[in-house]
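A closer look at the structure
The chain contents come next:
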Amino acid sequence: MVLKVFFPSCCSLADSGILIGRWISEQNSAVILAVVHFPFIPVQVKQYLGEVQRVTKVSVSVLGSWSNSKQEKEESLSEFLEDLGTIFCHEPWIQISKEGDSKFWSCSTLQKHSKNPQEEEIILVYYDQRKVMLSHLHPPLDTAGQGAEDASKLSAIFDTVARSRVLFMTDRYDEGPIKLTHWQSDGVEASIIVELMKQASVPACMLLTFMLSLVSGICRSRVLKFWPLSFLWSKLSTCEQLGHRLQHLQVISSNKKAQNQTQLMRKANIFVSLLIDVALGIVLMSWLYRKNRIGHLADTLIPVADRVAEELQDLLQWLMGAPAGLKMNRALDQVLGRFFLYHIHLWISYIHLLSPFIEMILWYVGLSACLGLTVALCILSDIIALLTFHIYCFYVYGARLYCLKIYGLSSLWRLFRGKKWNVLRQRVDSCSYDLDQLFIGTLLFTILLFLLPTTALYYLVFTLLRLLVVIVQGLIHLLVDLIDSLPLYSLILRLCRSYRLAAGVKFRVLEQQDGKPLRLLMQINPLSYRGVVQTYRLPTYSCYPKDSWASLCKKLFLGELVYPWKHKGEKQN
């Protein structure tokens, strides 16, 4: 049998005393948590351990004795430490002694109540008690068999140290009857600033919760559920982002305590993400209001809109002629071209009508950057959608017209084959047609077939223009989702204190000698940056369709409306 003793490295210089910790019988290992050094009264030690067990729910007991011969020079000390095993009654009784300045320690076990005592091989494992207590173990998700068993063993050790936090609140300077040595025995770590922030956060969270309850109540009111407001709320990405941030604020200001480490990290990630988002928004707002940049932006916006409208007019004039030498149906070509040119004329009039108010609109829009950079980016996306609304209309008109012809040709093609579409059974069935139906179907099929190239060309051009606008909006929303979902606190924690996010441990051999216990040093392997992002990634309000390229090409060929991104709960057409 191999006995594993996990010994805190901070107790290597402790005075002689007894070892308290947890005995894990399933693993045949002992986790040392602290050293109670002399003088002490055994009854008081038992009472103290009983209180610790009641609070932490960890079976803490006296596991053995610790002897530091450099500080204690009494010859009867070793006999006294052996006699303590009779008082506290633990099997096996572990005896660890440090021999002066020697690198090797002696470690042995006593089994007084065992009829057949067996000599056990002892492995002494040093661990950093502070890092193990503050770290959160993330076992690999694909562990199976032996890997899962090793992960559970490490989890038991980390859980033992983490749940014994109350034990570490007593230091050597306390006036109580028990003097402990552990990772913060020189004084409990504390910060006046942190304590003041904790006290001030309670009324701040209560006030924030009250204000958020009012805002959420207004958002859930029936007034916003009527058609115009509900339509705008579902279509404008700014409203979606504000609702998403409102949910984040409710999570942060909630007075409900986090149940586990994952919920605590989620709250911290949301808080840091919100803080950095607002800081970047304030930086952007300060940059916009310097040197009259909003005025310059407003003066540039109208010429750019006119330039885009002129380019569209030139494109339509090119399509109304002989584009790339193609022979188009002149009547349909002229009708479609004049129809779209009239829309561009209306759009130019609309832009020039709003030109006196654009600077004022941009000035008020710039103030929204104080709500966060993501809100400003969503407003930019909505402005792009409004400025390119005529391109969207062109795309919808072309797609509907092209879709109508495609479905008409497919239906007439089934007529030639003597078949029809059964709406009730959702399948193609055989059908007999008379001569008049076949004659009319032939005429309609010929007309639609010869008009299809003209319609398909307009549809192709406007689809490419729409996709260009959509790519720009998709990049903006990709940046918004990156800011919303990136676990910034976890990444900062991984960069500064990597031991807080543990993926596992590794053991390094310190010393090995015949007749002496093998000494190992347990070091924490931090979680990789990719693992941090995958584990603590925050949910976002937008979701991207996972259509394959074949499905996307099929939708484009059939003339169905294709959106590269959609909001949660919104169905694609």
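Up top you'll find the structure we're talking about.
This text gives an overview of the structure that appears in the document. (Residues numbered from 1 in each chain as written. Predicted model: local features only at pLDDT ≥ 70, side-chain atom pairs only at ≥ 80, totals over all residues. Heavy atoms only, no water.)

1. Focus on the environment of Trp347
Its location among the elements puts Trp347 in helix α10 (residues 330-354). Owing to a relative accessible area of 10%, Trp347 belongs among the buried residues under this scheme. Taking the C-alpha atoms as reference points, Trp347 and Ala309, separated by 38 residues in sequence, lie 8.2 Å from one another. If we skip the residues at most four places from it in the chain, Trp347 touches Leu386, Leu387, Thr388, Phe389 and His390. For Trp347, the side chain forms a polar contact with the side chain of His390, separated by 3.5 Å. (Helix = DSSP H or I, 4+ residues; strand = E, 2+ residues; numbered from the N terminus. Buried < 20%, exposed > 50% of the residue type's maximum accessible area, 1.4 Å probe, protein only. Contact = heavy atoms within 4.5 Å. Polar contact = N/O pair within 3.5 Å; in protein donor to acceptor, adjacent residues only side chain to side chain.)

2. Description of a nonpolar patch on the surface
On the surface, a cluster of nonpolar side chains totalling about 610 Å² of accessible area is made up of Phe357, Met360, Ile361, Trp363, Tyr364 and Leu367. Following the sequence through the fold, Tyr364 ends up in helix α11 (residues 358-367). Take Tyr364: its relative accessible area is 53%, and that puts it in the exposed class. (Patch = residues over 30% accessible without salt bridge, like charges linked within 9 Å, V, L, I, M, F, W, Y side chains within 5 Å. Areas by Shrake-Rupley, 256 points an atom, 1.4 Å probe, with all protein chains shown as cover. Salt bridge = Lys/Arg side-chain N within 4 Å of Asp/Glu carboxyl O.)

3. Comments concerning unusual backbone geometry
What you tend to see is this: most non-glycine residues have negative phi, and most peptide bonds are trans. Notably, Lys57 is not glycine yet its phi reads approximately 60 degrees, a positive angle. Within the fold, Lys57 resides in the loop between α1 (42-56) and β4 (60-68). A residue is classified by how much of its surface remains accessible, and Lys57, at 63% relative accessible area, is exposed. For Asn292, which is not glycine, the phi torsion reads 55 degrees and is therefore positive. Of the residues examined, Asn292 reaches a relative accessible area of 47% and is grouped as partly exposed.

4. Looking at the nonpolar core
In this structure, Val45 and Leu167 are the most contacted members of the largest nonpolar core, which totals 41 residues. Sort the elements by how many residues they give to this core and helix α4 (residues 146-163) lands first, with 5 residues. Setting aside residues up to four positions removed in sequence, Val45 forms contacts with Ile18, Val36, Phe40, Val62, Phe88 and Ile178. (Core = buried A, V, L, I, M, F, W, Y, C linked by side-chain atoms within 4.5 Å.)

5. Section: the side chain of Asp277
By secondary structure assignment, the location of Asp277 is in helix α8 (residues 261-288). A distance of 3.1 Å separates polar atoms of two side chains, one belonging to Asp277 and the other to Arg245. Dropping the residues within four chain positions of it, Asp277 is found in contact with Arg245, Gly372, Leu373, Thr374 and Ile483.

6. Brief notes about the environment of Phe416
With respect to the secondary-structure elements, Phe416 resides in helix α13 (residues 389-416). The exposure class assigned to Phe416 is partly exposed, which follows from its relative accessible area of 33%. Not counting the four nearest positions on each side in its chain, Phe416 is found in contact with Gly441, Thr442 and Phe445.

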